[in-house]
Amino acid sequence: MRFMLIVKATGFLEAGINYNQEYVDAMMAYKKSLARVGTLLANEELQPSSSGIRICYSPQGGEPEIQVDPFPADQELIAEYMVIDVRTENDALKWALRMPVPADRVSMIEIRRLGENSDTLPEPGIQALEADLQDHLHMLRRL
Amino acid sequence: MRFMMIVKATTDSEAGVMPSQELIDAMQKYNEELVKAGVLLAADGLQPSTNAIRISYPEPGGKPKMMDGPFTEAKEIIAGYTLIEVKSREEAIEWALRMPDPHGFGQGEIELRQVFEVEDLMENTETLAKETALRKQVHEQHKS
């Protein structure tokens, strides 16, 4: 089963203040140990929300409202995520608890299970072929 | 440059209510377009926060505190994400605006965030080299 470990943003990160080298090294060692056992599927860090936008749809319908950043840091913004593949929920929790946290800052990690319908995303090339094939099928059905 | 389109949770998604077939079809069509344009890198839906856990470190350097889901504020919870690779911020915004309203009942919200490239993050060349090696390892392990 796949889980997403979501590292929440802090005021420091939103202000663009980087972590110290000690934490960066600890995080790298952690990710390496995840990768070594084949558990790490994906990992990305997001830029501060000052470069983000939000598109909000209103109940009245019509054009969406576009909000330009930065968003309040207390609104649980994401700073980084890792997707891991483990056998049980307990394994996911164990890994999450092993993740290093910077010693001088308040931090939060959220663990969320991923839906399994889109289990593994095939190679983009194969997906492009599949999309083409779908198009042909639609076309043939219309004939 | 890579961007993440984050779909926020709604009261329906948190309650496990499945989207209408119409919305599923529209979303699928949108995803097909992303694939055809060669911009889609990854996409996933997250299960409701009922089975989620939060680990927080309220005291810097202290013990973690665990909290079980469900979490209350739907708009602060993530329901899904789509990672795309595009040429410009404008192109990313265009794609985000073309995504179907993810809820349809007024709670739909998409957050667009740029993803760091490894080089942006790491000034230390040694760390950068390690990260590049790690990414290569992950990529090769999961190449089916």
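What you see is a predicted model; the values in this text were computed from it and never measured.

### Regarding the overall build of chain A
When its secondary structure is counted, chain A shows four helices and six strands. The order of helices and strands in chain A, counted from the N terminus, is β-α-α-β-β-β-β-α-β-α. Across the 143 residues of chain A, 46% fall into the buried class. Contacts spanning at least 24 positions in sequence make up 75% of the contacts within chain A whose residues lie at least 6 apart. Summed over all atoms, the accessible surface of chain A reaches about 7400 Å², with 55% contributed by carbon and sulfur.

### Describing the side chain of Arg113 of chain B
Tracing the backbone through its elements, the reader meets Arg113 of chain B in strand β6 (residues 109-114). On the basis of relative accessible area, Arg113 of chain B is assigned to the buried category, the value being 1%. A polar contact is formed between the side chain of Arg113 of chain B and the side chain of Glu111 of chain B, at a distance of 3.2 Å. In contact with Arg113 of chain B, not counting residues within four places along its chain, are Glu14, Leu46, Gln47, Pro48, Ser49, Gly52, Leu77 and Ile78 of chain A together with Phe3, Met4 and Ile6 of chain B.

### Looking at the interface of chain A and chain B
With 71 residues of chain A in contact, the opposing surface of chain B contributes 70 residues. Carbon and sulfur atoms supply 55% of the area that chain A and chain B bury against each other, a total of about 6100 Å² over both sides. Of all residues in chain A, Gln47, Tyr57 and Arg112 of chain A bury the most surface against chain B, accounting for 13% of the area lost on that side. Across the chain A-chain B interface, the total number found is six salt bridges.

### Structural notes on the side chain of Glu131 of chain B
With respect to the secondary-structure elements, Glu131 of chain B resides in helix α5 (residues 125-141). At a separation of 2.8 Å, a polar atom in the side chain of Glu131 of chain B contacts the side chain of Arg135 of chain B.

### Here's the deal with the pattern of salt bridges
Applying the stated criterion across every chain, the model contains 17 salt bridges over all chains. Arg54 of chain A is paired through a salt bridge with Glu109 of chain B; the nearest N and O atoms lie 3.5 Å apart. Here Arg54 of chain A is found in strand β3 (residues 53-56), whereas its partner Glu109 of chain B is found in strand β6 on a different chain. A single burial state applies to Arg54 of chain A and to Glu109 of chain B, both of which are buried.

### Focus: the sheet that holds strand β3 (residues 53-57) of chain B
An order of β2(A)-β5(A)-β1(A)-β6(A)-β3(B)-β4(B) is seen for the six strands of this open sheet, with the pairing classed as antiparallel. Edge strands, defined here as strands with exactly one partner in the open sheet, are β2 (40-45) of chain A together with β4 (65-68) of chain B. When the angles between neighbouring strand axes are averaged without regard to direction, this sheet yields 15 degrees. Alignment of β3 of chain B against β4 of chain B, held across four bridges, turns out to be antiparallel. By the bridge assignment, Ser56 of chain B is partnered in β4 of chain B with Lys65 of chain B. Relative to strand β5 (residues 78-85) of chain A, helix α2 (residues 21-36) of chain A is tilted by about 25 degrees, and along the sheet it contacts β1 (2-8), β2 and β5 of chain A.

### Observations concerning the packing of aromatic side chains
Under the criterion given, the structure shown has four aromatic pairs over all chains. Ring geometry for Tyr19 of chain A versus Tyr23 of chain A: centroids 4.3 Å apart, planes at 50 degrees, classification tilted. Here Tyr30 of chain B and Trp95 of chain B contribute two aromatic rings whose centre-to-centre distance is 6.1 Å and whose plane-to-plane angle is 65 degrees, an arrangement assigned as edge-to-face. A residue pair is termed long-range when its members are at least 10 positions apart, and Tyr30 of chain B in helix α2 (residues 21-36) and Trp95 of chain B in helix α3 (residues 89-98) qualify at 65 residues. Stacked on the ring of Phe71 of chain A, the Lys or Arg Arg54 of chain A has its end atom at 4.0 Å from the ring centre. Positioned over the ring face of Phe71 of chain B is Arg54 of chain B, at 3.9 Å from the centre of the ring.

### Topic: the confidence of the model for chain B
Put simply, chain B has an average pLDDT of 88, and 97% of its residues get 70 or more. The ipTM assigned to the predicted complex is 0.77, against a pTM of 0.78.

Analysis parameters
Residues numbered from 1 in each chain as written. Chains lettered and ligands numbered in written order. Predicted model: local features only at pLDDT ≥ 70, side-chain atom pairs only at ≥ 80, totals over all residues. Heavy atoms only, no water. Helix = DSSP H or I, 4+ residues; strand = E, 2+ residues; numbered from the N terminus. Buried < 20%, exposed > 50% of the residue type's maximum accessible area, 1.4 Å probe, protein only. Contact = heavy atoms within 4.5 Å. Areas by Shrake-Rupley, 256 points an atom, 1.4 Å probe, with all protein chains shown as cover. Polar contact = N/O pair within 3.5 Å; in protein donor to acceptor, adjacent residues only side chain to side chain. Buried area = accessible area lost by both parts, 1.4 Å probe. Salt bridge = Lys/Arg side-chain N within 4 Å of Asp/Glu carboxyl O. Pairing = 2+ DSSP bridges. Axes fitted to C-alpha atoms, helices over the stretch in contact; angles between N-to-C directions. Phe/Tyr/Trp six-rings, centres within 6.5 Å; stacked < 30°, edge-to-face > 60°. Lys NZ or Arg CZ within 6 Å of the ring centre and 35° of its normal. pLDDT = per-residue confidence, 0-100.

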